[in-house]
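# An overview of the molecular structure
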Amino acid sequence: MIIRKLWAIAILCTIAFNTAAQTENSGWLFISHTQQINKKFDVLADLQFRSSDQLNDLSALLFRTALNYNINKKHAVALGYTFLGKWEADEMQMKVFTPENRIYQQYLFDFNTKRTEWTLRFRLEQRFINQENRTDFSQRARAFIAAQIPIAANADFSKGLYAGVQNELFLTVQNKDKVNGHMFDQNRSLASVGYRWSKKIDTAFGYMFWSQKEEEGYAKTNVWQLMITTSF
């Protein structure tokens, strides 16, 4: 029942923020790795490259890392750092580099329903945003839900084809005037097809609809994402 309610909220968010605005296109390469230290601790590392509209050139680079503590097989918490660098056009259509540094705290809940794998994630970010020769501070909360559903896989889902669906909601909970002036920041909904090569390597390709609130109106982006996930 809880899962159904979460999916209903995610769908409503996507519909609610799919407003009449020009839709851009982007391609993302997302590489995610988990390095086990021991049974309790892991190091998490993500690297993401984003293209500009119409897939012309690089528009953003993201690096994220964290120390993850496994409470048990289903629950984990993490403390981490993120760097995001963006190249955006100014009034003269010149590319301007804007860096952002974040500290974040995360709670993760992994569980299965039959052979389907579910992930619930809640993250709180402290954002240090450099803009116009100053650094602004804001806090943002993120709620994420995802499922990996076997299509043609072996019995224990250690290898095979699967479908992936996910949604993530972003809310500014402090200093919203430093970003877009609204509590709602953005929503990302994704559907993908992936192949699990082993319990240690996954690859997936999918489509994401990204709706982001601006001071006036919404920015909408069609994102085609290739994701590579490894764990050792």
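See the structure shown above.
In what follows, the accompanying structure is described. Note that the structure is predicted; figures quoted are calculated from it, not measured.

## A closer look at the pattern of salt bridges
- Enumeration over the complete set of coordinates arrives at 13 salt bridges.
- Where R102 meets E125, a salt bridge forms, and the shortest distance between an N and an O atom there is 3.5 Å. Here R102 is found in strand β5 (residues 95–113), whereas its partner E125 is found in strand β6 (residues 116–131), with 23 residues between them in sequence. In this structure, R102 and E125 share a single accessibility class: buried.

## Observations regarding the packing of aromatic side chains
- Scanning all chains against the criterion turns up 12 aromatic pairs.
- Considering the side-chain rings of W87 and F97, the 5.0 Å spacing of their centres and the 50 degrees angle between planes classify their relative orientation as tilted. Of this pair, W87 sits in strand β4 (residues 75–89) while F97 sits in strand β5, placing them 10 residues apart in sequence.
- Overall, W87 belongs to the partly exposed group, its relative accessible area being 28%.
- Assessed through its relative accessible area of 41%, F97 is described here as partly exposed.
- Geometrically, the ring pair formed by F205 and W224 is stacked, given 6.2 Å between the ring centres and 15 degrees between the ring planes. Of the two residues, F205 sits in strand β10 (residues 201–213) while W224 sits in strand β11 (residues 218–231), which places them 19 residues apart along the sequence.
- It is K213 that lies over the ring of Y218; its NZ or CZ is 5.0 Å from the centre.

## Some remarks on the sheet that holds strand β7 (residues 134–153)
- Pairing within the closed barrel is mixed, and its 11 strands lie in the order β1-β2-β3-β4-β5-β6-β7-β8-β9-β10-β11. The mean inter-strand angle of the sheet, taken between neighbouring strand axes irrespective of direction, is 20 degrees.
- Here 15 bridges tie β6 to β7, and the two strands are oriented antiparallel to one another. Paired with E117 across the strands is Q148, a residue of β7.

## Comments concerning the side chain of E125
- The class for E125 is buried, based on a relative accessible area of 0%.
- In this structure the side chain of E125 is engaged in a polar contact, spanning 3.5 Å, whose partner is the side chain of R102.

## Observations regarding a nonpolar patch on the surface
- Together, I37, F41, V43, L67, Y69, I71 and V77 give the surface a local cluster of nonpolar side chains, amounting to about 550 Å² of exposed area.
- Elements with a contribution of two residues or more to the nonpolar patch: β2 (41–51) and β3 (58–70).
- Mapped onto the fold, I37 is located in the loop between β1 (23–36) and β2.

## Describing a negative patch on the surface
- Taken together, E24, E214, E215 and E216 make up a surface patch of like negative charges.
- Overall, the relative accessible area of 37% leaves E24 in the partly exposed class.

## Details of the pairing of strand β9 (residues 184–198)
- Pairing geometry for strand β8 (residues 160–174) and β9, over 12 bridges, is antiparallel. Across the sheet, L171 pairs through a bridge with F184, a residue of β9.
- Pairing geometry for β9 and β10, over 12 bridges, is antiparallel. Looking at β10, one finds that L190 is bridged to M208.
- Counted between consecutive antiparallel strands, the loop separating β9 from β10 contains two residues.

## Some thoughts on unusual backbone geometry
- Phi is positive for K114, which is not a glycine, with a value near 60 degrees.
- Residue placement: K114 occurs in the loop between β5 and β6.
- Among the residues examined, K114 registers a relative accessible area of 85% and is labelled exposed.

Criteria and thresholds
Residues numbered from 1 in each chain as written. Predicted model: local features only at pLDDT ≥ 70, side-chain atom pairs only at ≥ 80, totals over all residues. Heavy atoms only, no water. Salt bridge = Lys/Arg side-chain N within 4 Å of Asp/Glu carboxyl O. Helix = DSSP H or I, 4+ residues; strand = E, 2+ residues; numbered from the N terminus. Buried < 20%, exposed > 50% of the residue type's maximum accessible area, 1.4 Å probe, protein only. Phe/Tyr/Trp six-rings, centres within 6.5 Å; stacked < 30°, edge-to-face > 60°. Lys NZ or Arg CZ within 6 Å of the ring centre and 35° of its normal. Pairing = 2+ DSSP bridges. Axes fitted to C-alpha atoms, helices over the stretch in contact; angles between N-to-C directions. Polar contact = N/O pair within 3.5 Å; in protein donor to acceptor, adjacent residues only side chain to side chain. Patch = residues over 30% accessible without salt bridge, like charges linked within 9 Å, V, L, I, M, F, W, Y side chains within 5 Å. Areas by Shrake-Rupley, 256 points an atom, 1.4 Å probe, with all protein chains shown as cover. Lys, Arg positive; Asp, Glu negative; His and termini not counted. Charge placed at Lys NZ, Arg CZ, Asp CG, Glu CD.

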